[in-house]
Amino acid sequence: MADEPLILGIETSCDETGVGIVRGHTLLADALASSVEEHARFGGVVPEVASRAHLEAIVPTMDRALREAGVTLADIDAIAVTSGPGLAGALLVGVAAAKGYALAAEKPVYGVNHLAAHVAVDTLEHGPLPEPAIALLVSGGHSSLLLVDDLARGVTPLGATIDDAAGEAFDKVARLLGLPFPGGPPIDREARAGDAASIAFPRGLTAAKDLAAHRYDFSFSGLKTAVARWVEARQRAGEPVPVADVAASFQEAVCDVLTTKALAACRANGIETLVIGGGVAANSRLRAMAEQRAEKYGIQVRVPRPKLCTDNGAMVAALGSHLVAAGVAPSRLDLPADSALPLTTVSV
Amino acid sequence: MLVLVVDSSTPAVTAALVEVSADDVALRAHRCTVDARAHGELLAPQVDAVLADADARPRDLGAVVAGLGPGPFTGLRVGLVTAATMGQVLDIPTYGVCSLDGIGYPAATGDPVLAASDARRKELYWAVYDGAGQRIVGPEVSTPAVAAARARELGATVAVGDGAHRYADTLGLPVRVEPRYPDATVLALLAAERIRAAAPTERLTPLYLRRPDAVAATARKPVLP
Ligand SMILES: Nc1ncnc2c1ncn2[C@@H]1O[C@H](COP(=O)(O)OP(=O)(O)OP(=O)(O)O)[C@@H](O)[C@H]1O
Ligand SMILES: [Mg+2]
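Since the model is a prediction, treat every value here as computed from it, not as a measurement.

**Some points on the overall build of chain B**
Regarding its fold elements, chain B presents 7 helices and 10 strands. Whereas a compact globule of 225 residues would reach a radius of gyration of roughly 17 Å, chain B reaches 19 Å, a difference of no more than 12%. Viewed in the frame of its principal axes, chain B has a C-alpha envelope of about 70 × 55 × 30 Å. For chain B, the proportion of its 225 residues judged to be buried stands at 55%. In chain B, once contacts between residues fewer than 6 apart in sequence are set aside, the share between residues at least 24 apart is 62%. Accessible area for chain B stands at about 9,500 Å²; split by element, carbon and sulfur atoms hold 51% of it. The averaged location of the 25 negative side-chain charges in chain B is 10 Å from the averaged location of its 22 positive side-chain charges.

**Structural notes on the overall build of chain A**
In terms of helices and strands, chain A carries 13 helices and 10 strands. The globule rule puts the C-alpha radius of gyration for 348 residues at 20 Å, and the 20 Å found for chain A is close to it. Considered along the principal axes of its C-alpha atoms, chain A spans approximately 65 × 45 × 30 Å. Taking all 348 residues of chain A together, 57% fall into the buried category. Across chain A, every contact between residues at least 6 apart in sequence was considered, and the portion connecting residues at least 24 apart equals 74%. Of the roughly 12,500 Å² of accessible surface on chain A, 52% is carried by carbon and sulfur atoms. Considering chain A, the positive charge centre built from 29 side chains and the negative charge centre built from 40 side chains are found 5 Å apart.

**Some thoughts on the domain arrangement of chain A**
For an interface, size is often stated in terms of accessible area lost upon the parts coming together. Residues and elements named next belong to chain A. What the domain assignment lists for chain A is domain 1 (6-121 + 312-325) and domain 2 (130-306). Each of domain 1 and domain 2 has a C-alpha centre, and these two points are 27 Å apart. Opposite the 16 residues of domain 1 that make contact, domain 2 presents 17 residues. Contact between domain 1 and domain 2 buries roughly 1,200 Å² in total, counting both sides, with carbon and sulfur atoms accounting for 79%. Area buried by domain 1 at its contact with domain 2 is led by Leu-115, His-118 and Val-119, which between them contribute 41% of it. Viewed at the interface, domain 2 and domain 1 are joined by 0 salt bridges. In this assembly, domain 1 and domain 2 are joined by 0 residue pairs in polar contact (both at pLDDT 80 or more).

**Examining the nonpolar core**
All names here are of chain A. Counting residues in each nonpolar core, the largest one holds 64 residues, and the members touching the most others are Leu-8 and Ile-21. Beyond its immediate stretch of four places on either side in the chain, Leu-8 contacts Val-19, Gly-20, Ile-21, Met-62, Leu-66, Leu-73, Ile-76, Ala-78, Ile-79, Ala-80 and Ala-317. Membership of the second largest hydrophobic core comes to 50 residues, among which are Ile-134, Val-173, Ala-247 and Ile-271.

**Regarding the coordination of the magnesium ion (ligand 2)**
All names here are of chain A. Looking at the magnesium ion (ligand 2), the protein donor atoms are His-114 (NE2), His-118 (NE2) and Asp-311 (OD), and they sit 2.0 to 2.3 Å from it. Summarised as a motif, the one-chain spacing of the donors to the magnesium ion (ligand 2) is H-x3-H-x192-D. A residue pair is termed long-range when its members are at least 10 positions apart, and His-114 in helix α4 (residues 114-120) and Asp-311 in the loop between α12 (306-309) and α13 (313-325) qualify at 197 residues. Note on accessibility: His-114 and Asp-311 belong to one class, buried.

**A look at the site of ligand 1**
Residues and elements named next belong to chain A. Ligand 1 sits among 22 residues. The nearest are His-114, Ser-139, His-142, Asp-171 and Asp-311. In the model, an oxygen atom of ligand 1 is placed 2.3 Å from a nitrogen or oxygen of the Asp-311 side chain. Burial of ligand 1 by the protein chains amounts to 90% of its free accessible area of 640 Å². Sorting the residues of the shell around ligand 1 by element identifies α4, α6 (166-176) and α7 (184-191) as the ones contributing at least two each. Split into classes, the residues belonging to the shell around ligand 1 amount to 6 nonpolar, 13 polar and 3 charged.

**Quick word on the sheet that holds strand β3 (residues 26-34) of chain A**
All names here are of chain A. Here 5 strands make up an open sheet; going across it, the order is β3-β2-β1-β4-β5 and the pairing mixed. The open sheet has two edge strands with one neighbour each: β3 and β5 (109-113). Neighbour to neighbour, the strand axes of the sheet diverge by 20° on average, direction disregarded. In the sheet, strand β4 (residues 78-84) pairs with β5 via 5 bridges, with the strands oriented parallel.

**With respect to the domain arrangement of chain B**
Residues and elements named next belong to chain B. Examined at the domain level, chain B breaks down into domain 1 (2-98 + 182-196) and domain 2 (101-176). Between domain 1 and domain 2, the C-alpha centre-to-centre distance is 24 Å. Both faces considered, domain 1 and domain 2 share a buried interface measuring about 1,100 Å² in area, 72% of it formed by carbon and sulfur atoms. Contact with domain 2 buries surface across domain 1, with Pro-70, Pro-72 and Cys-98 losing the most and accounting together for 43% of the total. The interface formed by domain 1 and domain 2 includes 0 salt bridges. One can count 3 residue pairs in polar contact (both at pLDDT 80 or more) joining domain 1 with domain 2. Looking at which element gives the most residues to the side of domain 1 that touches domain 2, the answer is helix α7 (residues 184-196), with 4 residues. Of the residues contributing to the side of domain 1 that touches domain 2, the split by class is 12 nonpolar, 2 polar and 1 charged.

**Quick look at α7(A)**
Along an α-helix, a turn takes 3.6 residues, which lines up residues three or four apart on a common side. Taken together, the buried positions of α7(A) are Gly184(A), Pro186(A), Ile187(A), Asp188(A) and Ala191(A). On its buried side, α7(A) packs onto α6, α10 (243-268) and α11 (284-295) of chain A.

**Notes on the state of the cysteines**
Taken as a whole and assessed by the stated rule, the structure comprises 0 disulfides over all chains. The thiol of Cys255(A) is not disulfide-bonded; the next cysteine sulfur, from Cys309(A), is found 13 Å away. Judged by its relative accessible area of 1%, Cys255(A) is buried. As a non-bridged cysteine, Cys32(B) has Cys98(B) as the owner of its nearest cysteine sulfur, 18 Å distant. Cys32(B) gets classed as partly exposed once you look at its relative accessible area, which sits at 38%.

Cut-offs used in this document
Residues numbered from 1 in each chain as written. Chains lettered and ligands numbered in written order. Predicted model: local features only at pLDDT ≥ 70, side-chain atom pairs only at ≥ 80, totals over all residues. Heavy atoms only, no water. Helix = DSSP H or I, 4+ residues; strand = E, 2+ residues; numbered from the N terminus. Rg over C-alpha atoms; globule rule 2.2 N^0.38 Å. Buried < 20%, exposed > 50% of the residue type's maximum accessible area, 1.4 Å probe, protein only. Contact = heavy atoms within 4.5 Å. Areas by Shrake-Rupley, 256 points an atom, 1.4 Å probe, with all protein chains shown as cover. Lys, Arg positive; Asp, Glu negative; His and termini not counted. Charge placed at Lys NZ, Arg CZ, Asp CG, Glu CD. Domains from an automatic or database assignment. Buried area = accessible area lost by both parts, 1.4 Å probe. Salt bridge = Lys/Arg side-chain N within 4 Å of Asp/Glu carboxyl O. Polar contact = N/O pair within 3.5 Å; in protein donor to acceptor, adjacent residues only side chain to side chain. Core = buried A, V, L, I, M, F, W, Y, C linked by side-chain atoms within 4.5 Å. Donors = N, O, S within 2.8 Å, 3.2 Å for Na, K, Ca; no water. Near = heavy atom within 4 Å. Nonpolar A, V, L, I, M, F, W, Y, C, P; charged D, E, K, R; others polar. Pairing = 2+ DSSP bridges. Axes fitted to C-alpha atoms, helices over the stretch in contact; angles between N-to-C directions. Disulfide = S-S within 2.5 Å.

Quick look at the structure:
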């Protein structure tokens, strides 16, 4: 183990400044600074506020990670950094930082895909990912089903949301229920006391007519509107809104669609491993439902612990480690931040 | 002592190596590319290039000097984060200098000078320097008309910098051709006392001058008619 490469990962694509350090598949440090509280009153992430916070946080967060792992930058074999997708200005701080560290310490740098990192992070928890696998990627900005043949070289998108991302739906529904931002955790919490069968919310793109063209696609905008209508009708009638029941029924609808389609993709491709990543993978109902439903098909579900699901530096280090082990060449020093980096590009 | 200078506060992305000695600041290597949209891509290769030009390794550096702006935020941060991270790894001090000083200081030769860079949104980042090159007002951000009025009040007889070229008509002052962008050797010169005294490292806080555009989310509109 000691001779496996020591990889550092830097993440700044949204509102979390993350620095993680791994050796092979072993997590040594995962330092995080968040500007989430500065954004909360705006009901969403303010890009310039996030960028400013990254600049202030990067050096101290690096210090903490190095201390936590008990290593210095001289010991590091390679530096990986999220080069996209994400907020352009925020990404640029991380990419420039990674280059500064790489230049000064004379180490190679890898610009990597944030979404592939959300998949790779699971290797820190469950070891090497059996390939091919199906990945369900559900976060604040993305909801995708991917066929993972070779995570070091590319993934094949099978489907994606045609409107809102799953995390975005959680955030929007939380707002209309008067719950704080980001909405995933409070809805998860409220839902535990609610009845998930109390309100029949729609399951987007699951009707036979939609499946023809959108077999592995998602749609959460209709669900969000249905929740809004239901809540408003109650309010207009002067009746109290049963927040826990709405939260549980909404969450049930999201998890139902996500797990149904993900498992269908596994079965259609004869694949026995489903890995779930991204912030929404922290959802307790999604984790439980996926496991329960997968069992009867003999499909193994892999979901990392909640802290590794939301954005962090360890996931970037995990992907970097995978790339180094696979012999992928590092990026050049002119590597750009690319806010729209496609899912098919794992490293640049 | 070999010192790295970086500035990304204007479209001119600059990296330089200077030798700071007891009585001199001498340029050893210099790279500058004018491209307002590629600071993130350009700066690191340029740092690499000046090191190669001077046949030096990063560990040969004794300090880093960075232009603190003011400048368009996204590009400005590239220089500052590069300087801060390199300083951290190499365990050498970092010093900040107002980027406009790199334009105004060398331009002042007797009479007050207005130094200005483009702040976009039809505004300028500017400062006024006395005849000896000391900044007496600024840095500030305002329309060219406001900058011009203040500069005249302060007795400026000439304007300098990319922003002055761009808004020469509004400013109504003769424009000096050079320096158009912050001069790396001058930035090092202005930090030389601190470098020689091995002054404590400084946190490189950008001179943003503007608040972030942060529009509070509006109250949710009802979905039902
Ligand atoms: N327990 C949870 N249940 C449901 N959603 C959750 C939970 N915890 C976090 N989330 C959601 O996860 C999202 C944040 O995830 P993540 O940090 O991966 O997204 P992001 O980085 O903003 O987006 P992307 O990764 O697409 O760029 C938020 O929308 C948040 O509400
Ligand atoms: Mg994410």
